Amino acid sequence: MNRVELIDAMAAKSKLTKADAKKALEAYLTVVGEALKKGDKVSLVGFGTFSVQKKAARMGHNPQTGKPIKIAAKKVVKFKAGAVLAKKVK
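Counting restarts for each chain: residues are numbered from 1 in the order of the written sequence. Given that this is a predicted model, residues contribute local features only at a pLDDT of at least 70 and side-chain atom pairs are listed and counted only at 80 or more, while totals for whole chains, interfaces and linings are drawn from all residues. Only hydrogens and water are removed before side-chain values are computed, so all heavy atoms of the structure are retained for them.

1. Overview of the pairing of strand β3 (residues 58-61)
The side chains of a regular strand alternate between both faces of the sheet.
Phase 1: Strands are labelled as partners when DSSP assigns at least two bridges between them. Put simply, DSSP marks the helices as runs of H or I at least four residues long and the strands as runs of E at least two long, and each gets a number from the N terminus on. Bridge analysis of β3 against strand β4 (residues 68-71) gives four bridges, and the strand direction is antiparallel. Paired with G60 across the bridge in β4 is I69.
Phase 2: Taking the residues that link successive antiparallel strands as the turn, the β3-β4 hairpin has six residues, and the phi of G66 there is positive, at about 80°.

Here's what the structure looks like:
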């Protein structure tokens, strides 16, 4: 499902217009992104938890040449599905 399909599905389920569903999705993504940027966790009971995890710098290799390269430290977004969501996909 892509962004447009998600907006269409949200509009249909909530009886919102597609424009309102798009605004709601954009607001959700903005709020979650801002919270994660501050280092907060975002927990939605039953759905899951978004958090930020720090990855240390490490050595890797270029798959084309085999030469070693340094991979910089970075932060990545982690998602852990909640129990209700996990049961829906079993």
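Additional details are given in the paragraphs that follow.
2. Digging into the side chain of S51
Phase 1: Relative to the helices and strands, S51 is located in strand β2 (residues 48-55).
Phase 2: Relative accessible area serves as the criterion here: at 13%, S51 is assigned to the buried category.
Phase 3: Contacts are assigned to residue pairs that have any heavy atoms within 4.5 Å of one another. Aside from chain neighbours lying at most four places away, what touches S51 is L36, K41, V76, V77 and K78. Residue exposure (1.4 Å probe, protein chains only): buried if accessible area is under 20% of the type maximum, exposed if over 50%, otherwise partly exposed.

3. Concerning helix α2 (residues 18-37)
Phase 1: Multiplying one less than the number of residues by 1.5 Å gives the expected span of a helix. For α2, which comprises 20 residues, the first-to-last C-alpha distance of 28 Å matches the rise-based estimate of 28 Å (1.5 Å per residue) to within 8%.
Phase 2: Three or more residues of α2 are buried, namely A21, L25, V32, A35 and L36. One side of α2 carries all its buried residues, which in axial view fall inside an arc of 100°. Among the exposed residues of α2, those pointing more than 90 degrees away from its buried face are K23, V31 and K37.
Phase 3: Each element contacted by the buried residues of α2 is listed here: α1 (3-14), β1 (42-44), β2 and β5 (74-81).
Phase 4: In the segment just after α2, G39 is the residue with positive phi, at about 95°. Relevant arc is that of directions from the helix axis to the C-beta atoms, nothing else.

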